[in-house]
2 protein chains.
Amino acid sequence: MDTNANLEEAIEVLQQLGLKEYEARCFVGLSRLHTGTAKQLSEMTEVPRTRVYDAIRVLEAQGLVEIQHSSPQQFRAVPLEEATETLRDQYEARVERLRDALEMVEIVDPDDEGPVQQVWAMSGRDAIENRTNDLIGEATDEVVLVIGDDSLLTPELVDALNGVGNGVDLLVGALTDSLQDEIETAVPDATTFISGLEWLHGENATVDDTAIGRLLLIDRSTILVSSIIPDTKKEQAIFGDGFGNGLVVIARRLMAQGLLLAHDPGP
Amino acid sequence: MDTNANLEEAIEVLQQLGLKEYEARCFVGLSRLHTGTAKQLSEMTEVPRTRVYDAIRVLEAQGLVEIQHSSPQQFRAVPLEEATETLRDQYEARVERLRDALEMVEIVDPDDEGPVQQVWAMSGRDAIENRTNDLIGEATDEVVLVIGDDSLLTPELVDALNGVGNGVDLLVGALTDSLQDEIETAVPDATTFISGLEWLHGENATVDDTAIGRLLLIDRSTILVSSIIPDTKKEQAIFGDGFGNGLVVIARRLMAQGLLLAHDPGP
DNA sequence: TCGAGAATCACTCGGTTAATCACAAAACAG
DNA sequence: CTGTTTTGTGATTAACCGAGTGATTCTCGA
């Protein structure tokens with residue numbers, strides 16, 4: 001059995017969550033021992049015995065393990081559900097504190113407003129998805145969206161699409177029939193189409209090894225284009241704002257040539 | 001105005017969330033600048049100018065800032081709501097991964113079951129609260145709960161109390177009339193009382209500067225007692241399991257003397 | 001009382017981060 | 001076009017923190 005990979009995975013994630021290596025190792029060690037002494041833990045987790053105590057103390061302070069003050073001391077991990085819930089609580093509290101602190105502060109000097117020709121770059125799947133959904137929520141006239149990968153059609157995206165105002169046209173393109181079907185059932189109000197942009201496919205990728213992930217055009221004045229690096233699966237996006245923006249102009253031209261299959265705005 | 005404290009708070013929390021000092025400083029700097037160059041940021045945040053670029057790159061990769069690739073480069077922070085949402089997503093994903101990995105692994109050797117005389121120590125408000133709620137959910141006969149501090153009566157606790165099975169007696173004690181009233185309206189099924197344990201009050205604290213936070217007795221065989229260090233507000237608890245447990249025995253004796261005002265189980 | 005294991009403390013080593021410097025490239029003024 | 005300033009990158013040094021190890025004190029059972 002490959003339980004070992006899971007062990008390493010757990011240790012790694014715990015470190016990402018802020019634990020030190022010894023602490024992480026001790027916690028997963030206890031998770032499978034259910035109850036153990038420093039000696040047992042040390043043997044199982046390869047943590048020097050003398051350091052087990054420090055690690056456990058930290059874990060105890062975080063509410064992840066319990067200590068029995070006998071001799072020898074006994075340790076045991078909190079049940080998994082409790083542990084994850086506790087971690088979650090911790091995090092929520094932190095994010096909340098951050099929000100409050102920054103809200104109190106965001107009052108700043110509104111300096112000059114730079115040129116309108118702005119193209120911003122951002123990356124990270126979650127961040128791009130959040131931005132996408134936000135933008136859709138702010139649309140007042142039209143949303144054109146092309147989805148380049150099935151995994152991008154998340155419940156949150158569906159919610160955002162279904163939540164647009166009444167007068168907003170929804171044009172959603174997909175690359176495959178099956179994805180188009182999915183969209184049609186999930187977002188009944190949307191006009192769907194199969195994208196004419198064959199270059200969205202990874203198979204047709206040119207020299208640069210990237211595939212288009214999303215293409216979003218809001219009210220013909222804001223655009224977001226994301227690409228996905230096939231190797232790392234990382235998503236990165238560029239984001240243009242303003243009617244006169246170069247990117248936006250290009251997008252409009254694409255539409256005019258029928259590539260995005262938009263209908264002309266009526267008289 | 002004391003906006004400075006908020007700045008520091010934000011920086012500190014961001015570091016707890018895994019960012020380095022420079023990254024945190026740059027992010028809060030951008031949060032109040034809304035858009036700025038490396039130079040501006042450097043002056044405002046005391047981050048060496050030449051290091052701003054690295055920090056920003058990391059932030060960009062995490063989806064917290066956007067970069068405009070002009071010269072000079074312009075940076076701007078993602079809107080606060082998006083940022084917190086992104087951080088939340090990140091964290092949720094991690095906790096999820098942890099849960100999955102540990103679930104695959106928790107199959108372990110069920111060693112010997114030690115003595116029944118077990119007293120475990122744990123600390124951390126969230127962890128203790130989670131344990132409290134779990135224990136209440138597992139009660140089959142009786143729940144005796146004394147709440148020593150108003151702030152401990154959380155919505156989750158109320159849910160747990162209202163969610164117990166039908167045959168379970170609920171006895172909830174408070175220290176003040178007002179708290180008792182709160183409990184009565186929030187948990188109609190509970191029999192409430194004013195605790196006769198005056199020593200729960202912080203005012204009456206003895207030499208050791210601690211006040212009792214919660215006292216929980218489940219089915220007369222499991223007990224949890226928590227105390228709150230007045231200085232640090234940290235909560236710590238001891239937790240005893242098993243009918244023959246010394247702690248539990250003490251608790252039952254307290255009840256027999258009427259201090260916990262339990263009714264005797266009928267014939 | 002004594003010895004063996006248990007627990008704590010004090011220290012070294014190595015890697016990471018904070019901080020500074022040197023330099024190349026780009027923008028800008030004249 | 002040229003020299004100067006600003007911007008961006010890379011290399012280098014210094015301070016810090018965590019991983020690993022040994023010495024010391026404590027606890028328990030014989």
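Everything below is about the structure shown above.
Since the structure is predicted, the reported quantities are computational estimates derived from the model, not experimental observations.

A. Quick peek at helix 1 (residues 3–16) of chain B. Helix length check: helix 1 of chain B, at 14 residues, gives a terminal C-alpha distance of 20 Å against a target of 20 Å (1.5 Å per residue), a fit within 8%. Buried within helix 1 of chain B we find Thr3(B), Leu7(B), Ala10(B), Ile11(B), Val13(B) and Leu14(B). Buried residues of helix 1 of chain B, viewed axially, fall in a sector of 165 degrees; they line one side. Those residues of helix 1 of chain B that are buried are in contact with helix 5 (80–103) of chain A together with helix 2 (21–33) of chain B. One or two steps after helix 1 of chain B, the chain reaches Gly18(B), where phi turns positive at roughly 110 degrees.

B. Summary view of the protein's contact with DNA strand C. Around DNA strand C, 16 residues are found, and the nearest of them are Tyr53(A), Pro72(A), Gln73(A), Glu21(B) and Tyr22(B). For DNA strand C, the fraction of atoms within 4 Å of the protein that belong to sugar or phosphate moieties is 69%. The separation between a base nitrogen of DNA strand C and a polar side-chain atom of Arg51(A) is 3.2 Å. Side-chain polar atom of Thr50(B) to a base nitrogen of DNA strand C: 3.2 Å apart, as the coordinates give it. Per element, the largest residue contribution to the surface near DNA strand C is 5 residues, and it comes from helix 4 (residues 49–61) of chain A. Split into classes, the residues belonging to the surface near DNA strand C amount to 4 nonpolar, 5 polar and 7 charged.

C. Fine view of the interface of chain A and chain B. With 72 residues of chain A in contact, the opposing surface of chain B contributes 72 residues. Carbon and sulfur atoms supply 55% of the area buried between chain A and chain B, which totals about 6,700 Å² over both sides. Inspection of the chain A/chain B interface yields 8 salt bridges. Between the two partners, chain A and chain B, sit 22 residue pairs in polar contact (both at pLDDT 80 or more). Secondary structure elements with two or more residues in the side of chain A that touches chain B: helix 1 (3–16), helix 2 (21–33), helix 4, strand 1 (65–68), strand 2 (74–77), helix 5, strand 3 (118–123) and helix 6 (125–138) of chain A. Here the side of chain A that touches chain B takes 20 residues from helix 5 of chain A, the largest share from any one element. Looking at the side of chain A that touches chain B residue by residue, the classes come out as 32 nonpolar, 19 polar and 21 charged.

Rules of the game
- Residues numbered from 1 in each chain as written.
- Chains lettered and ligands numbered in written order.
- Predicted model: local features only at pLDDT ≥ 70, side-chain atom pairs only at ≥ 80, totals over all residues.
- Heavy atoms only, no water.
- Helix = DSSP H or I, 4+ residues; strand = E, 2+ residues; numbered from the N terminus.
- Expected span 1.5 Å × (residues − 1).
- Buried < 20%, exposed > 50% of the residue type's maximum accessible area, 1.4 Å probe, protein only.
- Arc of directions from axis to C-beta.
- Contact = heavy atoms within 4.5 Å.
- Near = heavy atom within 4 Å.
- Polar contact = N/O pair within 3.5 Å; in protein donor to acceptor, adjacent residues only side chain to side chain.
- Nonpolar A, V, L, I, M, F, W, Y, C, P; charged D, E, K, R; others polar.
- Buried area = accessible area lost by both parts, 1.4 Å probe.
- Salt bridge = Lys/Arg side-chain N within 4 Å of Asp/Glu carboxyl O.

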